[in-house]
Amino acid sequence: MKKRILACLLAAMMLMPALTGCGNTEEAAENPADTAAAVETEPVETEPELVSGIPEGTTFGGETVSIWYTTKSISVAETYLDLAGENSGETLDDAMYYRNIEVEDLLDVKLNYFDAQVTTDQTGATLEKLVMAGDTTYDMFSLIQWNAAKYAYQNMYYNMKDAPYISFDQPWWNYDYMKEMTIGEDKVYCLVGDVHVDSTRCMNCVYYNKDLYTDYYDDGDAMYDVVLEGKWTFDLLQQYAGEVWMDLNGNNVADIEDQLGYSLNDYNNVDGIMYACGVRATTRDENDIPVLALMTERGVDALKKTYDVFFNTVGGKGMGILEYATSEYEEDVMFRDKFGEGTTMFYFGFFYSAESLRDMDDAYGIIPYPKLDEAQENYYSIAHDIISIMTLPVNCTKVEAASAVLEALAFIGYQDVLPAYYESLLKAKYVRDAKSAQMIELIRENFITDIAYVYGDAFNQMGYACRNMIANKKDNLQAWYDSMEKAALTKMEDLIEQFESVES
């Protein structure tokens, strides 16, 4: 994925000392000709101007474009932004609010945002109901991946490959992600990119308590060096857990009352471990058809490691979805609050988790999920499956105007809203040091997904192997895979046929 604005900002920050402090001023004064020559002969590199896919002068005569979305979560741990924004003085709210005004002025349209207050588990079903009824009230929808992506192969979404204005090759769209959500080169139904800040907010990450790290390892910032040197692995995580754990209630078991080495839950945290280990549920053949790829030596090693991290690590706590959860207080919130109290070294969460850590007294940093081993080249991140996707319904009557709005929202979002989110996240409210900004960019650069994770049921949950094995306390990948493979292959065939039969 192309580097984003933050990379440029980081580069500029790193160059500042050199620009302000290099050279000898006395020598420069003595050799003005040399200085002038250097200035004349060294060209200044400039970034190419970014241009959206909307031709200059494109307008729509005051047309109203209605956007359906919801902010009503089914989980107290998961939060959603109001796409309409608000002129409230809050950095991110203001950025979204003024982006919408800029899009309206640019295209001569009226954006009608409608927060339906439908719970997030019903976004796909709501769109289906409207489309089947022939309702064209809404021109575009912001939906939740885990329950809405499946309608892509049920002929509910407009094929955005045919849409005007969308510049898939530009950095404000994550084309690799969108391509993984489909089959073939001629169809794109769900849009992911900087049209929605959730593309970043939902990426998984690890928070670490810098004060605790200092207590045990002297330098709170040294963890960043461990990451950059490629040494941040699950083995090291387990080592740290044993060294940091304090059995405060004296029962000889790591639990919620102790000082923990780390905490993670058995569903959305565990999902990311397999992918962080460089394992994929699927690959593609020469015809771009998904092929199961989980049953490899590395896959076996990754699932064994996941099991050990969750169940068999001294000082680490893996918590089952129902172990402490209630409708008012989920275990992920319990882990997050425990980290916020300063009694956990590593907390597995998401970028949006930081929004609930604003009042934490201890200093903390953000780092990627660990690697399986040091030989692994990259750190990988997936997005929580609650990530928002943008779609046009198949019966959209304003394709041209809606497509232009999507491109403009993404383009201006990339230029204005994303930096505002970083500014708010990194400097004003959340993390407290510049190196975390570098870590966040590292995570974004290696942001991936898998079609089997996107369409879970259609692959018989192969993309959710970690979650399923841990929830059922299985540590033998081969046995689990053998029990799932036949149904997975059958369901995959159905998916492929459905994609190929969908009207393009």
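Here the residue index of a chain counts from 1 through its sequence in written order. Confidence filtering applies because this is a predicted model: local features only for residues at pLDDT of at least 70, side-chain atom pairs given and counted only at 80 or more, and all residues used for totals across whole chains, interfaces and linings. The basis for every side-chain value is the complete set of heavy atoms in the structure, and neither hydrogens nor water enter the calculation.

### Considering a nonpolar patch on the surface
- For patch building, the residue pool is restricted to those with more than 30% relative accessible area and no salt bridge; the joining distance is 9 Å between like charges and 5 Å between nonpolar side chains (Val, Leu, Ile, Met, Phe, Trp, Tyr). Accessible areas in this description were obtained via Shrake-Rupley with a 1.4 Å probe; residue shielding takes into account the shown protein chains only. When a carboxyl oxygen of Asp or Glu is within 4 Å of a side-chain nitrogen of Lys or Arg, the pair counts as a salt bridge. A cluster of nonpolar side chains, namely Y216, M246 and L248, defines an oily patch on the protein surface of about 270 Å² accessible area.
- Every helix listed is a DSSP run of H or I at least four residues long, and every strand listed is a run of E at least two residues long, numbered separately from the N terminus. Considering the arrangement of structural elements, one finds Y216 in helix α9 (residues 210-217).

### A short note on empty space enclosed by the protein
- Both cavities and pockets are sets of points on a 1 Å grid over the protein atoms alone; in a cavity a 1.4 Å probe fits but cannot get out, in a pocket the set is open with protein on both sides within 12 Å along at least five of seven lines, and lining residues sit with an atom within 4 Å of a point. Grid points are joined across faces, edges and corners, and a volume is the space filled by probe spheres set on the points. Throughout the structure, instances matching the rule amount to 7 cavities of 30 Å³ or more.
- Approximately 60 Å³ is the volume attributed to the largest cavity.
- In this structure, the largest cavity is lined by Y69, T70, Y80, L81, L83, S142, L143, I144, H196, D198 and S388.
- With 3 residues, the single largest contributor to the lining of the largest cavity is strand β3 (residues 140-144).

### Re the environment of Y207
- Assignment of secondary structure puts Y207 in strand β4 (residues 204-209).
- The buried label applies to any residue whose accessible area, calculated with a 1.4 Å probe on protein chains only, is under 20% of its type's maximum; exposed applies above 50%, and partly exposed to all values in between. Looking at Y207, the relative accessible area reads 0%, which means it is buried.
- Separated by 158 residues in sequence, Y207 and G365 have C-alpha atoms that sit 5.7 Å apart.
- Looking at Y207, its side chain comes within polar contact range of the main-chain nitrogen of A354, at 3.0 Å. In the analysis that follows, any N or O atom pair within 3.5 Å is treated as a polar contact, provided that within protein one partner can donate a hydrogen and the other can accept it, and provided that, for residues neighboring in sequence, both atoms belong to side chains.

### A short note on the sheet that holds β4
- Strand order in this open sheet of 5 strands is β8-β5-β9-β4-β10, and the pairing throughout is mixed. In this open sheet, the two strands that pair with only one neighbour each are β8 (316-319) and β10 (364-367). Sheet twist, expressed as the average angle between the axes of neighbouring strands with direction ignored, equals 20 degrees.
- The contact rule is simple, with two residues in contact once any of their heavy atoms fall within 4.5 Å. Fitted lines through C-alpha atoms serve as axes, helices being fitted only where they are in contact, and the angles separating the N-to-C directions of these axes extend from 0 to 180 degrees. Lying on the sheet, helix α16 (residues 434-445) is in contact with β4 and β10; it crosses β10 at an angle near 25 degrees. Should DSSP find at least two bridges between two strands, the strands are taken to pair.

### Let's talk about the pairing of strand β9 (residues 344-350)
- In terms of residue burial, β9 counts as a mostly covered element, since 7 of its 7 residues are buried.
- Note that strand β5 (residues 260-265) and β9 share 3 bridges and pair parallel. Its bridge partner being in β9, L260 is matched across the sheet by T344.

### Some details on the packing of helix α11 (residues 234-244) against helix α13 (residues 297-311)
- Between α11 and α13, whose axes approach to 11 Å, the crossing angle comes to 15 degrees. As judged from the angle between their axes, α11 and α13 are roughly parallel. Both α11 and α13 take part in a crossing whose hand is left-handed. Side by side, α11 and α13 meet where F234, D235, L237 and Q238 of the first sit next to K305, D308 and V309 of the second. Here is the rule for angles: anything less than 35 degrees is roughly parallel, anything more than 145 is roughly antiparallel, 65 through 115 is roughly perpendicular, and the remaining ranges are oblique. Less than a right angle of anticlockwise turn of the near helix away from the far helix marks a crossing as left-handed, whereas a clockwise turn marks it as right-handed.

### Concerning a negative patch on the surface
- Residues E102, D105, D108 and D416 make up a contiguous surface patch of negative charge.
- Structurally, the position occupied by E102 is in helix α4 (residues 91-107).
- Taking relative accessible area as the criterion, E102 reaches 38% and is therefore assigned partly exposed. Only four residue types enter the tally: Lys and Arg on the positive side, Asp and Glu on the negative side; His and the chain ends are excluded. Lys charges are placed at NZ, Arg charges at CZ, Asp charges at CG and Glu charges at CD.

### Some points on the nonpolar core
- Among buried residues, the Ala, Val, Leu, Ile, Met, Phe, Trp, Tyr and Cys ones that are joined through side-chain atoms within 4.5 Å form a nonpolar core. Core analysis: the largest hydrophobic core is formed by 166 residues, its most contacted members being Y157, M223, W232, F346, I367, L406 and Y455.
- Excluding anything up to four places from it in sequence, L406 contacts M140, M160, I166, W173, L191, V195, M390 and L392.

### Some details on the packing of α9 against α11
- Where α9 meets α11, the closest approach of the two axes is 11 Å, and the angle between their N-to-C directions is 80 degrees. As far as their axial angle goes, α11 and α9 are roughly perpendicular. Along its contact with α9, which presents Y213, Y216 and Y217, the element α11 presents Y240, E243 and V244.
- For the contact of α9 with α11, the class distribution of residues is 5 nonpolar, no polar and 1 charged. Residues are sorted three ways: Asp, Glu, Lys and Arg are charged, Ala, Val, Leu, Ile, Met, Phe, Trp, Tyr, Cys and Pro are nonpolar, and all the rest, Gly among them, are polar.

### Some words on the pattern of salt bridges
- Tallied over the entire structure, the rule returns 19 salt bridges.
- A salt bridge links E104 to K110; its shortest N-O distance comes to 3.9 Å.
- Look at K110 and you get partly exposed, because its relative accessible area is 46%.
- Across the pair D198 and R201 runs a salt bridge whose closest N-O atoms are separated by 2.6 Å. One end of the pair is D198 and the other is R201, both in helix α8 (residues 198-201) and 3 residues apart, which spans about a single turn. Judged on exposure class, the residue D198 and its partner R201 are both buried.

### Re the layout of surface pockets
- Each pocket or cavity is described by its volume, and for the largest pocket that value is around 500 Å³.
- Lining the largest pocket we find 22 residues, and of these W146, N147, D385, Y464 and R467 sit closest to its centre.
- Per-element accounting of the lining of the largest pocket gives the leading share, 3 residues, to helix α6 (residues 145-148).
- A per-class count over the lining of the largest pocket returns 10 nonpolar, 7 polar and 5 charged.

### As for the sheet that holds strand β1 (residues 63-69)
- Reading across the sheet, the 4 strands line up as β2-β1-β3-β12 and stay open at both edges, with mixed pairing between neighbours. Each having just a single partner strand, β2 (109-115) and β12 (388-391) make up the two edges of the open sheet. Sheet twist, expressed as the average angle between the axes of neighbouring strands with direction ignored, equals 20 degrees.
- Looking at chain direction, β1 and β2 are connected through 7 bridges and run parallel. Looking across to β2, one finds that I67 is bridged to Y113.
- Sitting on the sheet, helix α5 (residues 123-132) touches β1, β3 and β12, and the angle it makes with β3 is about 145 degrees.

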